[in-house]
Amino acid sequence: MEVDRDRSLAGALKAAYAELGKQEKSVARAILKDYPVSALSTVAALADSAGVSTATVLRLVNRLGHETYGQFQEAVKRDLNTLLQGPSDRFDPAPGAPGSFAQATFAQVGGNLKEGARGVLEADFQDVVELLADPRRTTYCIGGRYSRYVAGLFADYLGVLRDKVHLADGQPDGWSRLLVDMDSRSTVVVFDIRRYQRTVRRFAALAKQRGARLVVVTDVWADRATFEADYTFQLPTASPSLMDSFAAPLVLAESLIGALAIRLKDSLKERLALCEELDCVETNLNLAWPGIPKDGPLEHALTHDPLARSTKKDET
């Protein structure tokens, strides 16, 4: 089994999982359940938690490319150190060859997308699309310091497709107004990567307590137990830059929106047509919502709106 040294140990375990034997899978599940803490225990304790022999644990360690359990735990510690790093820790001022950084970035992001695609379970993806499509449910979106921009874009896209969409933005002191309305008919979509924001985790935990279904989009370093989500998508965010890459989380967000649009079909077409009629843009409204037939409600609005007619005349 070929081991990718640039991948986290947890990521390597997930990638190799399908090739493992039954007992080795038990060890992998025990490690991933509470990673990295679970992997810092003794070999005997890990074997006991997985219900296997120490020989099985060591066999898995060897399959992951480590000769001894000590080497395996050193890799775990490196993962933990990487998790705790900030931009200043990753900053390397040494210049590369001209043009090499852009190529390295595109290559890394391309690899992230391929790895991310393999890690997204289709059943989970479709379940989340169904949650987002349910008209009885209210959807809340939230993100961390930088991931809030992905959450905001996702909420904007989602708001085009359906109603009852809210974004937890601004100061955390104001988020309680969203939490107070949550119940078992609520869906919360969280975008958060290292170094994970405590206020976002608390928001998710409180939402879960109030009965909301929780969908988390995070990175490969995240401990699944942190959020206790109904659905967790762990995507690679590695980058040659001092900042992590949001390309894979953004592509997943766009994929959910695209799949949801197909799922909604005719009801979405009616909603977009109504958006055309109610659009407040004072120029050529065709630019606001592309894809609506010219003989639809938009042309009617242009024909009967004097301001729109005068603007259209001015443009010619």
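Up top is the structure these notes are about.
As a starting point, this report considers the structure included with it. (Residues numbered from 1 in each chain as written. Predicted model: local features only at pLDDT ≥ 70, side-chain atom pairs only at ≥ 80, totals over all residues. Heavy atoms only, no water.)

1. Brief notes about the overall build of the chain
- From N to C terminus, the chain includes 15 helices and five strands.
- Here the analysis covers contacts within the chain between residues at least 6 apart in sequence; of these, 67% occur between residues at least 24 apart.
- When the accessible surface of the chain is totalled, it reaches about 17600 Å², and 54% of it is carbon and sulfur. (Helix = DSSP H or I, 4+ residues; strand = E, 2+ residues; numbered from the N terminus. Contact = heavy atoms within 4.5 Å. Areas by Shrake-Rupley, 256 points an atom, 1.4 Å probe, with all protein chains shown as cover.)

2. Structural notes on the pattern of salt bridges
- Counting across every chain of the model gives nine salt bridges.
- The partner of Lys77 in a salt bridge is Glu74, and the shortest N-O contact between them spans 3.7 Å. Of this pair, Lys77 and Glu74 both sit in helix 5 (residues 69-84), separated by three residues, roughly a single helical turn.
- A salt bridge links Arg185 to Asp183; the nearest nitrogen and oxygen atoms lie 3.7 Å apart. (Salt bridge = Lys/Arg side-chain N within 4 Å of Asp/Glu carboxyl O.)

3. Topic: helix 12 (residues 247-264)
- Its 18 residues place the ends of helix 12 26 Å apart at the C-alpha level, agreeing with the 26 Å of an ideal helix rising 1.5 Å per residue.
- Those residues of helix 12 that sit buried are Ala248, Pro249, Leu252, Ala253, Leu256, Ile257, Ala259, Leu260 and Leu264.
- Following helix 12 by one or two positions, Lys265 has its phi on the positive side, about 50°. (Expected span 1.5 Å × (residues − 1). Buried < 20%, exposed > 50% of the residue type's maximum accessible area, 1.4 Å probe, protein only.)

4. Focus on the environment of Asp223
- Tracing the backbone shows Asp223 in the loop between strand 4 (213-219) and strand 5 (231-235).
- It is 7.7 Å that separates the C-alpha atoms of Asp223 and Pro36, two residues lying 187 residues apart in sequence.
- Residues within four places of Asp223 in sequence aside, it is in contact with Lys33, Asp34 and Tyr35.

5. Here's the deal with the side chain of Glu24
- Tracing the chain through its elements places Glu24 in helix 2 (residues 22-33).
- Beyond its immediate stretch of four places on either side in the chain, Glu24 contacts Thr56, Arg59, Leu60 and Arg63.

6. Remarks on the pairing of strand 3 (residues 186-191)
- With respect to burial, strand 3 is a largely interior element, six of its six residues being buried.
- Residues Ser186, Val188 and Val190 of strand 3 are buried on one face, and the alternating residues Thr187, Val189 and Phe191, pointing to the opposite face, are buried as well.
- Both strand 1 (residues 138-143) and strand 3 contribute to a ladder of six bridges, which runs parallel. Across the sheet, the residue bridging to Tyr140 is Val188, located in strand 3.
- By the bridge criterion, five bridges tie strand 3 to strand 4 in an arrangement that is parallel. Along strand 4, the bridge assignment pairs Val188 with Leu214. (Pairing = 2+ DSSP bridges.)

7. Concerning unusual backbone geometry
- In this structure, Lys164 takes a positive phi of about 55° despite not being glycine.
- Residue placement: Lys164 occurs in the loop between helix 9 (148-161) and strand 2 (165-167).
- What makes Lys164 partly exposed here is its relative accessible area of 33%.

8. Regarding empty space enclosed by the protein
- Following the criterion strictly, the structure yields two cavities of 30 Å³ or more and no others.
- Size it by volume and the second largest cavity reaches roughly 30 Å³.
- Around the second largest cavity, the lining residues are Val150, Leu153, Phe154, Tyr157, Leu250, Ala253 and Glu254.
- Sorting the residues of the lining of the second largest cavity by element identifies helix 9 and helix 12 as the ones contributing at least two each.
- Tallied by class, residues from the lining of the second largest cavity come to six nonpolar, no polar and one charged. (1 Å grid on protein atoms, 1.4 Å probe; cavity = no way out; pocket = protein on both sides within 12 Å on 5 of 7 lines; lining within 4 Å. Points joined across faces, edges and corners; volume = space filled by probe spheres on them. Nonpolar A, V, L, I, M, F, W, Y, C, P; charged D, E, K, R; others polar.)

9. A word on a nonpolar patch on the surface
- A cluster of nonpolar side chains, Tyr146, Tyr149, Leu242 and Met243, forms an exposed patch at the surface whose accessible area comes to about 390 Å².
- Residue position: Met243 is located in the loop between strand 5 and helix 12.
- Judged by its relative accessible area of 35%, Met243 is partly exposed. (Patch = residues over 30% accessible without salt bridge, like charges linked within 9 Å, V, L, I, M, F, W, Y side chains within 5 Å.)

10. A word on the nonpolar core
- Leu132, Phe154, Phe191, Leu256 and Leu260 are the most contacted members of the largest nonpolar core, which has 30 residues in total.
- Secondary-structure elements contributing two or more residues to this core are helix 8 (122-133), helix 9, strand 3, strand 4, strand 5 and helix 12.
- A per-element tally of this core places helix 12 first, with eight residues.
- Sequence-distant contacts of Phe154, defined by excluding residues within four places in its chain, comprise Leu132, Cys141, Val189, Phe191, Ala253, Leu256 and Ile257.
- Leu20, Ala28, Val61 and Val76 belong to the second largest nonpolar core, which has 22 residues in total. (Core = buried A, V, L, I, M, F, W, Y, C linked by side-chain atoms within 4.5 Å.)

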